[in-house]
Amino acid sequence: MHDFDCIIVGAGLAGLAAARELWRAGRRVVVLEGADCVGGRVATDSVEGFRIDRGFQVFNDAYPEGGRQLDLAALQLGRFTAGALVAEGQSLRRVADPWRQPLAAVGALLSGTVGLADAVRTARLRSDAVGRFRAGERGTSLPPPDTVEASDERTTAEELAARGFSPAFIRRFFVPFFGGVFLERSLETAAAVFLFDFAMFALGRASLPAGGMAAIPAQMAGCLPADAIRLNCRVRAVSPGRVELNDGSTLTAPEVIVAAELPAAARLLPTAFCGPWTNRREKSTTLVAFAADRSPLSSPTLVVSGDEAGPIDNLTVPSDVAAGYAPPGAAVICVSVRSGTAGFGDEHLAAAIRGQAAGWFGSQVEGWRHLRTIDIRHALPDESPAARRLRPPSPRLASGLVLCGDFCTAASINGALVSGRRAAEAVLAEA
């Protein structure tokens, strides 16, 4: 007799999504997680009464899978203002969504932040991206980016160039904004991913749950029986129908789902089941958090740096966006820094950030107190066209063995949730 109907290795979003689907279908499931909390990379640390998400993370309230799997009202989402502030030198210029903020968009035109031709191209891009997404949802057009496509995809940079955007607007808006989203400023991410994300920003808003991004996996875990998740449970190896733990014990089940991050999944699985997907590169990022007496911003806005010099990629004040991020009368400022800052050292990096931000916000940055620097080695899988072709064609690796994670679909919260659901569907299809 097997211990469970399905064992799931990893309590990130994909693993939790798979567990909930199977439990709702009446299956006996257990989720094994090596860390002391659920969520994987979607985690929030508590530091001196401040809440700090691990890396630049936001939830888009237009994500279709998020709407299917999460109770959005219960998350008490706070929303960023549509658009962004683009920093160049000592100037902060607003790039607004003309559908939500027409006056601000007109102001950007008049100030020269956005040229008329690029404004028209942006409107056409919005229409195309939203139309593609809605057609994909109806199944009448290209599938969403979480589906493996055997195609000659082009990059985001190639897509923007083909649409005629001026190099200046690409450099001043698309590179800093989507460079922060993709964790790479060369815009090598596949155009299909860019168009999906652009549609999500057009239809929805970047949001944060009250108390931090960890509220998302906490809500998902809360829907499972208390004994269905085992924390601090480290796995040594996985094979079809069998999981070996570090303490030497073994669990068996008709099905095993590996929902660990890519490097861990490749390490746990037998070589025979490790395909080209194990060669997919993952991108890293660093986040630096500061405590302050007040926010430097007048609205819950994303600030992206359009300058080549300086460590700042983007800056947010989560306590402006959602409740629970900072104690009363204080603010938490989170800065995502660009690659190439690894050798700075925490205090040197914090000083360099203050120096760059002083040009935008003035002397108030002198009062920013460094709280924590967080390095995330495996933040996002590479989403270049070549890397996407390495994705496994199916969740099922063998009888009794299924794989899921955002590296199987698309590098986003939506992609992770989709992958977990598809893994559960693959298990249920064999019943």
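Residues numbered from 1 in each chain as written. Predicted model: local features only at pLDDT ≥ 70, side-chain atom pairs only at ≥ 80, totals over all residues. Heavy atoms only, no water.

**Student:** Even after reading the chapter, I still don't get the sheet that holds strand β21 (residues 401-403), so can you show me in this structure?
**Tutor:** Backbone-to-backbone hydrogen bonds join strands into a sheet, with any given pair of strands oriented parallel or antiparallel. The mixed open sheet is built from six strands, whose spatial order is β10-β2-β1-β14-β21-β20. Since the sheet does not close on itself, it has two edges, and those belong to β10 (229-230) and β20 (396-398), each with one partner. Where strand β2 (residues 29-32) and β10 come together, two bridges link them in parallel fashion. Each residue of the ladder has a partner; that of V31, found in β10, is I229. Each of β1 (6-9), β2, β10 and β14 (255-258) touches helix α1 (residues 13-24); the most contacted strand, β1, lies at about 165 degrees to it. (Pairing = 2+ DSSP bridges. Helix = DSSP H or I, 4+ residues; strand = E, 2+ residues; numbered from the N terminus. Contact = heavy atoms within 4.5 Å. Axes fitted to C-alpha atoms, helices over the stretch in contact; angles between N-to-C directions.)

**Student:** Whenever I open this one, the confidence of the model for the protein confuses me. Can you help?
**Tutor:** Detailed reading of predicted coordinates is not advised where the pLDDT is low. Per-residue confidence for the protein gives a mean pLDDT of 90; residues scoring 70 or more make up 90%. When the criterion is pLDDT under 50, residues 101-110 qualifies, and its contacts beyond four places in sequence or with other chains add up to 15 contacts. (pLDDT = per-residue confidence, 0-100.)

**Student:** In this structure, what is going on with the sheet that holds strand β5 (residues 59-60)? I would like to understand it.
**Tutor:** Spatial strand order, β5-β9-β6: three strands in an open sheet with antiparallel pairing. Edge positions in the open sheet fall to β5 and β6 (78-79), since each of these has one partner strand only. Here β5 pairs with strand β9 (residues 206-208) via two bridges, running antiparallel. Opposite N60, over in β9, you have A206 as the bridge partner.

**Student:** Would you explain the packing of α1 against helix α8 (residues 215-222) in this entry?
**Tutor:** What describes two packed helices is the angle between their axes and the distance between those same axes. Their axes nearest at 9 Å, the elements α1 and α8 cross at an angle of 25 degrees. Here α1 is positioned roughly parallel relative to α8, judged by the angle of their axes. Crossing of α1 against α8: the hand is left-handed. Contacts between α1 and α8 involve L13, L16, A17 and R20 on the former and, on the latter, I216, P217, M220 and A221. Here the residues of the contact of α1 with α8 sort into seven nonpolar, no polar and one charged. (Parallel < 35°, antiparallel > 145°, perpendicular 65-115°, else oblique. Left-handed = near helix turned anticlockwise from the far one by under 90°. Nonpolar A, V, L, I, M, F, W, Y, C, P; charged D, E, K, R; others polar.)

**Student:** Just checking my understanding: could you explain the packing of α1 against helix α13 (residues 413-429) for this structure?
**Tutor:** Interaxial distance between α1 and α13 falls to 7 Å at its minimum, and their mutual angle equals 40 degrees. Accordingly, the angle class assigned to the pair α1 and α13 is oblique. In terms of crossing hand, the pair formed by α1 and α13 is right-handed. Of the residues in α13, those in contact with L13, A14, A17, A18, E21 and L22 of α1 are I413, A416, L417, G420, R421, A424, V427 and L428.

**Student:** Just to check I follow, could you spell out helix α11 (residues 346-361) for this structure?
**Tutor:** Each α-helix winds once per 3.6 residues, and so residues spaced three or four apart point in a common direction. With 16 residues, α11 should reach 22 Å at 1.5 Å per residue; the first-to-last C-alpha distance of 21 Å fits that figure. Among all positions of α11, only L349, A350, I353, R354, Q356, A357, W360 and F361 are buried. (Expected span 1.5 Å × (residues − 1). Buried < 20%, exposed > 50% of the residue type's maximum accessible area, 1.4 Å probe, protein only.)

**Student:** Can you walk me through the pattern of salt bridges in this structure?
**Tutor:** Should the charged atoms of two oppositely charged side chains come close, the side chains can pair. Under the definition given, this model contains 23 salt bridges. Here R54 ties to D45 by a salt bridge, and the two come within 2.9 Å at their closest N and O atoms. Given a relative accessible area of 32%, R54 falls into the partly exposed group. With a shortest N-O distance of 2.8 Å, E159 and R163 are connected by a salt bridge. Within this structure, E65, R68, R421 and E425 form a network of salt bridges that share partners. (Salt bridge = Lys/Arg side-chain N within 4 Å of Asp/Glu carboxyl O.)

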